[in-house]
Every structure is written in C-alpha cells, then in structure tokens.
Amino acid sequence: MVYGFFDWMSKIRRFYPFTRKELMWIGVGILIMTFIVGFDDGSEEFNLARYGSNMLLSLVVVAIAVVIHESAHRIVAPNMGYKIEFRPFFFGILGGLILAFMSYGKILFLAYGTFFIDIKEKHRLGYFRHYLGYFDNGKIAVVGPLANLFAAMIFKTMVFLPEAVVSKLVFINVLFAITNMLPIPPLDGSHVMYASRHLYPFTMAAIIGAAALLLIPAVTWWMAVLAALVIGIAYSFVYFNLIEKAFGNW
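The sections below set out a description of the structure shown in this document.

Some details on empty space enclosed by the protein
Over the atoms, a rolling probe the size of a water molecule traces out where space has been left empty.
Okay, so step 1: Taken as a whole and judged by the stated rule, the model has one cavity of 30 Å³ or more.
Okay, so step 2: Considered as a void within the structure, the largest cavity measures approximately 30 Å³ in volume.
Okay, so step 3: Residue lining of the largest cavity: Gly 29, Ile 32, Met 33, Ile 36, Gly 92, Ile 93, Phe 109 and Ala 111, and that is the complete set.
Okay, so step 4: Contributions of two or more residues to the lining of the largest cavity are made by α2 (20–38) and α4 (90–102).
Okay, so step 5: The greatest single-element share of the lining of the largest cavity, amounting to four residues, is contributed by α2.
Okay, so step 6: Taken together, the residues of the lining of the largest cavity break down into six nonpolar, two polar and no charged.

Describing the environment of Ile 75
Okay, so step 1: Tracing the chain through its elements places Ile 75 in helix α3 (residues 48–79).
Okay, so step 2: Between the C-alpha atoms of Ile 75 and Arg 13, which are 62 residues apart in sequence, the distance is 9.3 Å.
Okay, so step 3: Ignoring sequence-local partners within four residues, the contact set of Ile 75 consists of Trp 8, Ile 12 and Tyr 16.

Thoughts on the side chain of Ser 71
Okay, so step 1: Positionally, Ser 71 belongs in helix α3.
Okay, so step 2: Its relative accessible area of 12% is what places Ser 71 among the buried residues.
Okay, so step 3: A distance of 2.6 Å separates the side chain of Ser 71 from the backbone oxygen of Val 67, its partner in a polar contact.

Some points on the environment of Pro 217
Okay, so step 1: Secondary-structure assignment places Pro 217 in the loop between α8 (200–214) and α9 (221–247).
Okay, so step 2: Residues Pro 217 and Asn 148 lie 69 residues apart in sequence; the distance between their C-alpha atoms is 18 Å.

Re the pattern of salt bridges
Okay, so step 1: Under the definition given, this model contains five salt bridges.
Okay, so step 2: When the shortest N-O distance is used, the salt bridge between Lys 139 and Asp 136 registers 3.7 Å. With Lys 139 and Asp 136 both in helix α5 (residues 134–156), this residue pair falls three residues apart, about one helical turn.
Okay, so step 3: Exposure remark for Asp 136: the relative accessible area of 22% places this residue in the partly exposed category.

Here's the deal with the packing of aromatic side chains
Okay, so step 1: Counting across every chain of the model gives 10 aromatic pairs.
Okay, so step 2: Aromatic pair Tyr 16 and Phe 18: ring centres 5.6 Å apart, planes at 80°, arrangement edge-to-face.
Okay, so step 3: In this structure Tyr 16 comes out as partly exposed when scored by relative accessible area, which is 25%.
Okay, so step 4: Centroid distance Tyr 112 to Phe 176: 5.8 Å. Interplanar angle 45°. Geometry classified as tilted. Separated by 64 residues along the polypeptide, Tyr 112 in the loop between α4 and β2 (113–119) and Phe 176 in helix α6 (residues 163–180) bring together distant segments of the chain.
Okay, so step 5: Residue Tyr 112 is classed as buried on the basis of its relative accessible area of 2%.

As for the packing of α8 against α9
Okay, so step 1: It is the contact of α8 with α9, at a shortest axis distance of 7 Å, that shows an interaxial angle of 140°. Relative to α9, the crossing made by α8 is right-handed. Together, Pro 201, Phe 202, Met 204, Ala 205, Ala 206, Gly 209, Ala 210, Leu 213 and Leu 214 of α8 and Trp 221, Ala 224, Ala 227, Ala 228, Leu 229, Ile 231, Gly 232, Ile 233, Tyr 235, Ser 236, Tyr 239 and Phe 240 of α9 make up the contact between the two elements.

Quick notes on the rules
- Residues numbered from 1 in each chain as written.
- Predicted model: local features only at pLDDT ≥ 70, side-chain atom pairs only at ≥ 80, totals over all residues.
- Heavy atoms only, no water.
- 1 Å grid on protein atoms, 1.4 Å probe; cavity = no way out; pocket = protein on both sides within 12 Å on 5 of 7 lines; lining within 4 Å.
- Points joined across faces, edges and corners; volume = space filled by probe spheres on them.
- Helix = DSSP H or I, 4+ residues; strand = E, 2+ residues; numbered from the N terminus.
- Nonpolar A, V, L, I, M, F, W, Y, C, P; charged D, E, K, R; others polar.
- Contact = heavy atoms within 4.5 Å.
- Buried < 20%, exposed > 50% of the residue type's maximum accessible area, 1.4 Å probe, protein only.
- Polar contact = N/O pair within 3.5 Å; in protein donor to acceptor, adjacent residues only side chain to side chain.
- Salt bridge = Lys/Arg side-chain N within 4 Å of Asp/Glu carboxyl O.
- Phe/Tyr/Trp six-rings, centres within 6.5 Å; stacked < 30°, edge-to-face > 60°.
- Axes fitted to C-alpha atoms, helices over the stretch in contact; angles between N-to-C directions.
- Left-handed = near helix turned anticlockwise from the far one by under 90°.

Everything listed here is a matter of coordinates, which is why it stays silent on function.
Take a look at the structure:
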C-alpha cells in the first residue's frame, strides 16, 4: 500500500509536467475563454475600469478551473498506466466565440480541449503490453468534470472571500463540469459514453444535476450530492425504459 502510493507520486512527478506546445494551446484556450466569460460584465453602460476588472477576475477564475480540470486527468492517468497529452478543440473554441458574439456574452460554451492517452509499457508478466481499454479511457475522462464539481463545492464554502469572486469561481467550475460531460466528441462526456453505455446516463445526469443545483444559493454541497444520486438513478431509469426503447430502433 505504502509502496503503491509513493510509486504513484513518482509517476506524477515524471508525467505531470506539460510540454511547451501543450502550455501554448492551454494558454490560448484560457485567453479566449476569458474573453467569452468577461464579454458581458453585467452592466448596461460601458465602463473601462469595471470592464477591465471583470476581465481580470475572469482570467483568474478560468485559469483556476482549467488547472483543476487538466490536473485531475494528469494525476489519475499515470496510476492506470497512461500518459496524458493535451489537444486543443478548435471547433469548440470557435463555437464558443461565435455564441458569445451572437448572444452578447449571454451564452457561454467553454469547450477548449481534450486529451489523448499514450500507453506506458508494463513489464510484469500477465499484462497486455499494448492495450487501451475504453473503460480506462472513460475513468480518466470523468475525473475532469468531477474535479471541477468538487472545486465548486469547496469554493461555495469560502464565505470569507468577496461574494462576486465566490460566485464566479462556483459558476465557471460548474460550467466546466456541465460542458465537458456533454456527449460531444472529443469532450470528456464522449469518452465516458464510449467507455460504458450503461454508466454514462447516470454519471452525466448526476454531474450535471449536482452542478446546476450548486448555482442555487440555498443548496449546500451535501444537498447537491444527495440530489445528484437521485437525479442520476431517475434519469437512468427513464433513459433505459423509455427513451432508449422509443428511439433505439431509429
């Protein structure tokens, strides 16, 4: 047990660092998403100081959400025998910009990238040396939205911070969790869907349900978790007993 933990830490130290190319594209994604998030500052009249402070806050919040999301992938993957490589999602970035302009910043779509995984060769007997499991891919994918969801729960408890900062931290991490669980290739939701058709409806509904509930001020983190379990189970029942039967033969 102890050796396994330190071995995992050693793998993280070796495989967590980003390449220059990855950092460049992640930086581009953060800057574009900062513009998308900060496009509408909520005021009716333009004020340069207010707009600039809103952009700065958006930059910090978006960067925090991206670091949390990408770190979750890169921390879990090495322990499962994989190395993560970040890839930008050009159509997602472009789509987010178009939606922001068309809606004057009212519609936020933050799909900036995905990941590819490289298999690290295993040198113990009994292991397949070159085999990628879809279920492993799904497990690595789902930790990204879960990390953002968990971060939103933590940020919601930070009442010592200014309300505007807490609200934005919670909102952006919630938006990351919801967006990335959509079954749109190459987002995390598509990886989870291909990993397990039976588990995806539950995980998708539970994560999106909990994320949406966290936006309600009166809802605490434990309420969101309990409600998410109920929502996930209910949606799975509806999906497999009604939706799939109704549209499965199309």
